[in-house]
Structures are given as C-alpha cells and as structure tokens.
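Okay, here's what each chain looks like letter by letter:
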Amino acid sequence: MFERLREDIQSVFHRDPAARNAFEVLTCYPGMHAIWIHRLSAMLWRADLKWLARLVSNFGRWLTGIEIHPGAKVGRRFFIDHGMGIVIGETAEIGDDVTIYQAWAAPAGTRASVTRRWVMASWSGRARRCSARSRSVPGPRWVPMLS
C-alpha cells in the first residue's frame, strides 16, 4: 500500500512542475484523493458490495469534484491534474501512466448486449474540454472496443 502511495506521489512530481513537496501532494491534490477513494470503492465493487461502493464513490465526487465509477478500470501512476468536472464511467479502462486534465469525460456506454467501452492507452494524455461521448474516436491513443 505504501509503495503504491509513493509511486502515486512520484508520478505527480514527474508531470506537474508546480508540485513542491510530498506533503502538499498528499493534502492538496484532489486528483490524487479521487484516485485513492476510487481504489477503495473499486475494492468494494469487486467484493460485490455495489451499493457501498457507489456510496463511497459519491462521497469522493462530493469531496473532490471528480467522478470515477467504482467499476472503471484504472491503471498505475494515473494522474488527474485540475480535475474539477472529470467523469470516468463504469466501462472506461485507463492504462498505466495516463494524465487527464480538467473537464474530460469517459462515458459508461450502454446496457445493451453489446457494450461500447472506452480504453485509454498507457502513456497518453487528454487536454481539457475533451469529450468521448460520440461514436468518433477523440484522439490517436484512444481505442474503442466492443465487448
């Protein structure tokens, strides 16, 4: 657990030149708080405690302004910078070493038998005001998959 926390803090230092020290990252970066809360809610989701997972997730949204569904798959060293308004839906998959900036949305897809999932490749990033709501693929690193 502490190794993962250390890895998260280092990822902030690698991507945000404004980060001054580990204490500041631990206490003042809502993107990190949202990811840590997501890890807890995802653990509850996998344990089939869906209601409790959604409750924890909604608390995290209220606290940080960043919504990450407990069913979303999030990779290692994921960093959300200036995250107010970011929404990551249930079927989204985000790879390792991804950076997301302000006001970006990954939709949950549909409840039909064929679900559209959005997969963000490792080592990619999205600029602010980017949306993945249409059938078009919003960037060269995006890979829409049918499951």
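The rules we used
- Residues numbered from 1 in each chain as written.
- Predicted model: local features only at pLDDT ≥ 70, side-chain atom pairs only at ≥ 80, totals over all residues.
- Heavy atoms only, no water.
- Helix = DSSP H or I, 4+ residues; strand = E, 2+ residues; numbered from the N terminus.
- Buried < 20%, exposed > 50% of the residue type's maximum accessible area, 1.4 Å probe, protein only.
- Expected span 1.5 Å × (residues − 1).
- Arc of directions from axis to C-beta.
- Contact = heavy atoms within 4.5 Å.
- Core = buried A, V, L, I, M, F, W, Y, C linked by side-chain atoms within 4.5 Å.
- Patch = residues over 30% accessible without salt bridge, like charges linked within 9 Å, V, L, I, M, F, W, Y side chains within 5 Å.
- Areas by Shrake-Rupley, 256 points an atom, 1.4 Å probe, with all protein chains shown as cover.
- Salt bridge = Lys/Arg side-chain N within 4 Å of Asp/Glu carboxyl O.

S.K.: Before we move on, can you summarise unusual backbone geometry with the specific residues and values?
M.R.: Its identity is not glycine, yet His82 carries a phi of approximately 50 degrees, on the positive side. By the element assignment, His82 lies in the loop between strand 3 (79-80) and strand 4 (87-88). Judged by its relative accessible area of 60%, His82 is exposed. Positioned with a positive phi, Asp97 is a non-glycine residue whose angle comes to about 60 degrees. On the secondary structure map, Asp97 appears in the loop between strand 5 (93-94) and strand 6 (99-100).

S.K.: Summarise helix 4 (residues 50-64); cite the residues concerned and give the values.
M.R.: Along its 15 residues, helix 4 runs 21 Å from first to last C-alpha, staying within 8% of the 21 Å computed at 1.5 Å per residue. Among all positions of helix 4, only Ala53, Val56, Ser57, Gly60 and Thr64 are buried. Looking straight down helix 4, one finds that the buried residues subtend no more than 100 degrees of arc, so they occupy a single side. In helix 4, the exposed positions angled more than 90 degrees off the buried face are occupied by Trp51 and Trp62. Of the residues flanking the end of helix 4, it is Gly65, one or two places downstream, whose phi is positive at about 80 degrees.

S.K.: Explain helix 1 (residues 2-15) to me, and be specific about the residues and the numbers.
M.R.: If you check helix 1, its first and last C-alpha atoms are 20 Å apart, about what 14 residues at 1.5 Å a residue would give, namely 20 Å. Taken together, the buried positions of helix 1 are occupied by Glu7, Asp8, Ile9, Ser11 and Val12. Its buried side turned inward, helix 1 meets helix 2 (22-28), helix 3 (30-46) and strand 3.

S.K.: A description of the nonpolar core should follow, citing residues and the corresponding values.
M.R.: Grouped together as the largest cluster of nonpolar side chains are 20 residues, with contacts concentrated most on Phe78 and Ile88. Mapped by element, the contributors of at least two residues to this core are helix 1, helix 3 and strand 3. Looking at this core, the element that brings in the most residues is helix 3, giving three residues. Once residues lying within four places of it in the same chain are set aside, the contact partners of Phe78 are Arg15, Met32, Ile35, Ile88, Ile94, Val98 and Ile100.

S.K.: So what's going on with a nonpolar patch on the surface? Which residues, and what values?
M.R.: Nonpolar side chains collect at one region of the surface, where Leu49, Trp51, Leu52 and Leu55 lie side by side and expose about 420 Å² of accessible area between them. Inspection of the secondary structure assignment puts Leu55 in helix 4. Using a relative accessible area of 44% as the deciding quantity, one classes Leu55 as partly exposed.

S.K.: Residues and numbers for the pattern of salt bridges, please.
M.R.: Tallied over the entire structure, the rule returns 10 salt bridges. Between Arg77 and Glu7 there is a salt bridge, with the nearest N and O atoms lying 3.0 Å from each other. Pair noted here: Arg77 is in the loop between strand 2 (73-74) and strand 3 and Glu7 is in helix 1, with a separation of 70 residues, a long-range link. Exposure remark for Glu7: the relative accessible area of 18% places this residue in the buried category. Asp48 serves as the salt-bridge partner of Lys50, at 3.8 Å between the closest nitrogen and oxygen.

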